[in-house]
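Observations on the three-dimensional arrangement
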Amino acid sequence: MRALTWHGKHDVRVDTVPDPEIINPRDAILEVTSTAICGSDLHLYDGVIPGMMSGDIIGHEFMGRVVETGPKSTLQKGQRVVVPFTISCGSCFFCQKTLYSACDNSNPVANQDVSENLYGHAMSGLFGYSHLTGGYPGGQAEYVRVPFSDIGPIVIPEGMEDDDVLFLSDILPTGWMAAENAEIEEGDTVAVWGCGPVGLFAIQSALLMGAARVIAIDEFPNRLDLARKLGAEVIDFKQTRVLDALMDMSGGLGPDAVIDAVGMEAHGFAPDTILDNIKQNVGFGADSAHALREALMAVRKGGRVSIPGVYGGFVDKFPLGALMEKGLKVKTGQTHVQRYTDELLRRIGEGEIDTTFLISHRLPLEEAPTGYKNFRYNQNDWTKVVLKPGMTSA
Amino acid sequence: MRHDSGRHRGDRLGLLAAATVGVVGLAFLYQQQTRNSVPQRRGDSAPGRAARRARFGRYAVVGRTVTIARPRSEIYAFWRDFSNLSSFMENVRRVEETGEVTHWTIAGPMGRDVHVESRIVADRPDSEIAWRSTGNSEIDTEGKIMFRDAPGDRGTEVEAIIAYVPPMGELGRWVAKAFQTEPHLQGRRDLKRLKMLMETGEIATSALRKTPS
Ligand SMILES: NC(=O)c1ccc[n+]([C@@H]2O[C@H](COP(=O)([O-])OP(=O)(O)OC[C@H]3O[C@@H](n4cnc5c(N)ncnc54)[C@H](O)[C@@H]3O)[C@@H](O)[C@H]2O)c1
Ligand SMILES: [Zn+2]
Ligand SMILES: [Zn+2]
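Residues numbered from 1 in each chain as written. Chains lettered and ligands numbered in written order. Predicted model: local features only at pLDDT ≥ 70, side-chain atom pairs only at ≥ 80, totals over all residues. Heavy atoms only, no water.

Some points on the overall build of chain B
When you go through chain B residue by residue, the secondary structure sums to 4 helices and 9 strands. Among the 213 residues that make up chain B, the fraction classed as buried is 45%. In chain B, the share of contacts with a sequence separation of at least 24, taken over all contacts with a separation of at least 6, comes to 52%. With the model as given, the accessible surface of chain B reaches about 11200 Å², and the carbon-plus-sulfur share is 50%. (Helix = DSSP H or I, 4+ residues; strand = E, 2+ residues; numbered from the N terminus. Buried < 20%, exposed > 50% of the residue type's maximum accessible area, 1.4 Å probe, protein only. Contact = heavy atoms within 4.5 Å. Areas by Shrake-Rupley, 256 points an atom, 1.4 Å probe, with all protein chains shown as cover.)

The structure is reproduced here in C-alpha cells:
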C-alpha cells in the first residue's frame, strides 16, 4: 500500500509499504477514505517528539471502511467508521473511568519503558505518534490496522459526509474537552491561545458551553478571521501586548479561564521563546512554553487553566508562583476521545456543530508532503489539510 | 522498536553474604537501616526490595506489583496452570508440570535453551504460589507470586518476586544482561503482559503484519 512515512526532521515521503494484517482477535483493518494532518503531526515533522524511527507511518486522524475483522471485532465489513487517535482497551482501570487516553493496555510492553522512566508512568498507545506511544503505524495510508476495534471506532450513518465527521477522531473532541476542562460558568470570559484547529474548536465549544465572551489569540489574520466568525474577539499577538490587552478587555479582572491550544512550539519574539527554542534545537527535551506562561499570568485569581496543547519534556522559568499564589486550577491531557464521540456525533447530526469551516485544503494522499510543508510554513492560508487516499492527483 | 532507558541500576542490589535460605521471604521483610541522624528508623510499609540498601545474600532479587482488574481466583487459576506462563513471559519458551516438579525451558544466550527444574514450596489457592529450583537446574532461583484483593473494586494486586544467584561464565553474563541492567524490567514487562492478557484477552502489538516482511 501507499503510506506517508517519516524519515527525519522536515522529511516525510509517500512510500510503498506492506499492507497491514489482522494480528489480534479484536483487530480490524480499514481502507482509509479520509485522514487529516494535525498540529500534533507538526511536532513530529519538526522533530521535537522523541522516539521516532525512520520509516514510521504517521497520521492519527482518520476514517474509512472496514475491509477485514478479527474474530472478536464487533465491526462488520463495509461499515464506515471514524477511529479515535487514542487506542484504548475498554476494560482497564482507566478505560473504566473513561480516562481512555490513559489506557494501561494499549501501549506494547517494550514501548512502555521510556515513558515510564520519563513520566513515572507509561503512556497509552496512540496511532502514528512515535514509539513512546506504541509505534503504531498511523492512518495517513491506504490501509490501517485498528486494535481494540470493538471499543474505539464509531460507526457513521450513511448520508453523513467524511468531512462532517472525520474530526471526531481528534481535534473536535480535543477542543470540546479543552472547553470542558476550563469549567466554564455562565458569564465567563475565556481566553484561547492559538487559532489552529484545536483552538478554533475550543472556541466553538466554549461558546456552546455558555461562555459570555471568548478572546482568541494568534498572529495569522485568516485564522483570527475564522475565530471571529465563530463569535470570538481576537488579539493579534504580533501587533498587541497580549497581557495588557487581556487585562483591559476583561475589565481589569483577567479571564476566568484560559486555554493553551498552542503547545510546545509556541512562536513569538519574547525572550523566553527564543531561549526555549534554542534548547529545543539542541535536543534538551525542552518545550517552548511561551503561550502557557502568558496564560498563567493572564488568568484571574482562582481561575481555571486548560492545556490541550501538547508538551513532552521539561520547561524552564515556569511561573509556579502564579499558579500557587493565584490559586489556579489546571487540567490537561491527551483527549479521552471515546468519552465524547457519541455526543459530538449527535450534535453534528443536529447541525449544532459545524466541522468543515476550517478545512482549507483537500489533497490526494500522494501530495501529503506538500500538505505538511504548507500547514507548517503557510499557516495563514493552510488552516486544515484533509488527505484523501482515493483522490487522484490534479 | 525497543528502547533502552540507558539507566544502570545494576548496583542497587548489593550482593553481600547473609542468609542463603528463604531469600524471597527475606526480600519481603528485611529493610537495611541507612545512616542518618535519626537514632533508630522504624520499618515502613514498603516491600524490602524497595529499600535503598538491601542485602539478600548471594541472591539478586527482582519484583513488581501490578493491579489487574480481574478476580483473584481467575488470575490464580491462570497462573497455576504453568503451561500458560510462556504466553506472557518473554524469555520463557515452555513450562511443563510433571508430578512433583516443573520443567522450565528458557530461551538462553546464542539460541541455547536454559533448563530449570522447580518444585512448588507453597500453594495457597487464590493467594500465593511459591517455587524453588532443584539441583537439576542451571540457575539457582526461587520465586513467589502473591494475589490479594485490591482496594475498592480494582480487582487483584499481583506481586511477583524472583530471586536468583547470578551464575558464572557465559550464562552469567547473559542472565546479568537479561536482569541486572534493569533489574525490574523483565519482571515488570512480564507482569504487564499478564495484565493485558487477563484484562483484554490479547497482548498489545504495534506490528503491521503477523510476520515481519
Ligand atoms: N490534547 C490532545 O489530545 C491534542 C489533540 C490534538 C492536538 N493537540 C495539540 O494542540 C496544539 C494545537 O494543535 P493545532 O492542530 O491547532 O495546531 P496548529 O499548529 O495548527 O495551531 C497552533 C496555533 O498556535 C498559534 N500560536 C503559536 N504561538 C502562539 C503564541 N505565542 N500565542 C498565541 N498563538 C500562538 C499558531 O500561529 C497556530 O495558529 C498542538 O500542540 C497539538 O499537538 C493536542
Ligand atoms: Zn492530533
Ligand atoms: Zn484500557
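Describing the overall build of chain A
Regarding its fold elements, chain A presents 13 helices and 18 strands. A globule of 394 residues ought to have a C-alpha radius of gyration of about 21 Å, and chain A, at 20 Å, matches this closely. Taken along its principal axes, the extent of the C-alpha atoms in chain A is 60 × 45 × 45 Å. Within chain A, the proportion of its 394 residues that are buried is 61%. By sequence separation, contacts in chain A at least 24 residues apart represent 72% of the contacts at least 6 residues apart. Of note, chain A has its 33 positive side-chain charges centred 3 Å away from the centre of its 51 negative side-chain charges. (Rg over C-alpha atoms; globule rule 2.2 N^0.38 Å. Lys, Arg positive; Asp, Glu negative; His and termini not counted. Charge placed at Lys NZ, Arg CZ, Asp CG, Glu CD.)

A short note on the sheet that holds strand β1 (residues 2–8) of chain A
Residue and element names in this part refer to chain A. Taking strand neighbours across the sheet as the criterion, the 3 strands line up as β2-β1-β4 in an open arrangement whose pairing is antiparallel. Strand pairing shows two members of the sheet lacking a second neighbour, β2 (11–16) and β4 (56–57), which therefore form its edges. Pairing of β1 with β4, which is carried by 2 bridges, proceeds in the antiparallel orientation. Within β4, the residue paired with W6 across the bridge is D56. Where helix α13 (residues 368–377) meets the sheet, it contacts β1 and β2, and its direction lies at approximately 165 degrees from that of β2. (Pairing = 2+ DSSP bridges. Axes fitted to C-alpha atoms, helices over the stretch in contact; angles between N-to-C directions.)

Topic: the coordination of the zinc ion (ligand 2)
All names here are of chain A. With distances of 1.7 to 2.2 Å, the protein atoms coordinating the zinc ion (ligand 2) are C38 (SG), H60 (NE2) and D170 (OD). Ordering the donors of the zinc ion (ligand 2) by residue number gives the pattern C-x21-H-x109-D. Note that C38 is positioned in the loop between β3 (28–37) and α1 (39–45) and H60 in the loop between β4 and β5 (61–69), a separation of 22 residues in sequence. Judged by its relative accessible area of 3%, C38 is buried. The exposure class assigned to H60 is buried, which follows from its relative accessible area of 2%. (Donors = N, O, S within 2.8 Å, 3.2 Å for Na, K, Ca; no water.)

Some remarks on the coordination of the zinc ion (ligand 3)
Residues and elements named next belong to chain A. Looking at the zinc ion (ligand 3), one finds its protein donor set to be C89 (SG), C92 (SG), C95 (SG) and C103 (SG), positioned 2.3 to 2.5 Å from the metal centre. Geometry at the zinc ion (ligand 3) is tetrahedral, judged from the 4 donor atoms that bind it and their angles of 102 to 117 degrees at the metal. In terms of primary sequence, the donors binding the zinc ion (ligand 3) are separated according to C-x2-C-x2-C-x7-C. Residue C92 is located in the loop between β7 (86–87) and α2 (93–96), and its partner C103 is located in the loop between α2 and α3 (109–119); the two are separated by 11 residues in the primary sequence. Residue classification places C103 among the buried positions, given a relative accessible area of 1%. (Tetrahedral: all angles 85-135°; square planar, octahedral: opposite > 155°, others 65-115°.)

A closer look at the packing of helix α8 (residues 242–249) of chain A against helix α10 (residues 290–298) of chain A
Residues and elements named next belong to chain A. Viewed as axis vectors pointing N to C, α8 and α10 meet at an angle of 35 degrees, and their least axial separation amounts to 10 Å. Classified by chirality, the crossing of α10 by α8 is right-handed. Every residue of α10 that contacts α8 at V242, L243 and L246 is listed here: E294, M297 and A298. Tallied by class, the residues present in the contact of α8 with α10 amount to 5 nonpolar, no polar and 1 charged. (Left-handed = near helix turned anticlockwise from the far one by under 90°. Nonpolar A, V, L, I, M, F, W, Y, C, P; charged D, E, K, R; others polar.)

Some details on the interface of chain A and chain B
Counting from both sides, the interface comprises 38 residues of chain A and, opposite them, 30 residues of chain B. If you sort the residues of chain A by the area they bury against chain B, A:N105, A:V109 and A:N117 come out on top, with a joint share of 20%. Linking chain A with chain B are 7 salt bridges, by the criterion used here. A:E21 is the salt-bridge partner of B:R209, the closest N and O atoms lying 3.1 Å from each other. The interface formed by chain A and chain B contains 19 residue pairs in polar contact (both at pLDDT 80 or more). (Buried area = accessible area lost by both parts, 1.4 Å probe. Salt bridge = Lys/Arg side-chain N within 4 Å of Asp/Glu carboxyl O. Polar contact = N/O pair within 3.5 Å; in protein donor to acceptor, adjacent residues only side chain to side chain.)

With respect to the sheet that holds strand β6 (residues 113–124) of chain B
Residues and elements named next belong to chain B. The 7 strands are arranged β3-β9-β8-β7-β6-β5-β4 in an open sheet whose pairing can be described as antiparallel. Among the strands making up the open sheet, the edge pair consists of β3 (60–68) and β4 (92–98). Averaged over all pairs of adjacent strands, the angle between their axes in this sheet comes to 20 degrees, without regard to strand direction. The sheet contact formed by strand β5 (residues 101–107) and β6 spans 7 bridges and is antiparallel. Bridge assignment links T102 to a residue of β6, and that residue is S118. Each of β3, β4, β6, β7 (128–133), β8 (141–149) and β9 (156–164) touches helix α2 (residues 72–80); the most contacted strand, β8, lies at about 160 degrees to it. Along the sheet, helix α4 (residues 185–200) contacts β3, β8 and β9; its crossing angle with β3, the most-contacted strand, is approximately 25 degrees.

Observations regarding the nonpolar core
Soluble, globular proteins show a tendency: their nonpolar side chains are buried together. The biggest cluster of nonpolar side chains holds 47 residues, and the ones touching the most others in it are A:F167, A:L168 and A:I203. Counting only elements with at least two residues in this core, the list comes to α5 (171–181), β11 (189–193), α6 (197–208), β12 (213–218), α7 (221–230), β14 (257–260) and α12 (337–349) of chain A. Shared between two domains, this core takes at least three residues from each, and those domains are domain 1 (2–170 + 335–388) and domain 2 (172–332) of chain A. Look past the residues within four positions of A:F167 in its chain and what remains in contact with it is A:A36, A:E61, A:L172, A:P173, A:F201, A:T355, A:L358, A:I359, A:K384 and A:V386. In this structure, B:V95, B:I106, B:I145 and B:V175 belong to the second largest nonpolar core, which totals 30 residues. (Core = buried A, V, L, I, M, F, W, Y, C linked by side-chain atoms within 4.5 Å. Domains from an automatic or database assignment.)

Observations concerning the UniProt feature "domain: Alcohol dehydrogenase-like C-terminal" (unreviewed entry) in chain A
Here, UniProt's "domain: Alcohol dehydrogenase-like C-terminal" (unreviewed entry) annotation points to residues 197–264 of chain A. Between the C-alpha atoms that bound residues 197–264 of chain A the distance is 16 Å, and the span itself is 44% helix and 21% strand. (UniProt positions renumbered as here; feature names shortened; annotations may be inferred.)

Describing the confidence of the model for chain B
All names here are of chain B. Averaged over every residue, the pLDDT of chain B is 80; residues scoring 70 or more account for 76%. Per-element mean pLDDT across chain B ranges from 33 in strand β1 (residues 13–14) up to 98 in α2. Long-range and interchain partners of residues 1–21, a stretch whose pLDDT sits below 50, account for 51 contacts in this model, where long-range means more than four residues apart. Among the scores for the predicted complex, ipTM is 0.92 and pTM is 0.90. (pLDDT = per-residue confidence, 0-100.)

Quick look at the UniProt feature "domain: Alcohol dehydrogenase-like N-terminal" (unreviewed entry) in chain A
According to UniProt, the positions carrying the feature "domain: Alcohol dehydrogenase-like N-terminal" (unreviewed entry) are residues 25–152 of chain A. Split by type, residues 25–152 of chain A is 17% helix and 26% strand. Its first and last C-alpha atoms lie 15 Å apart.

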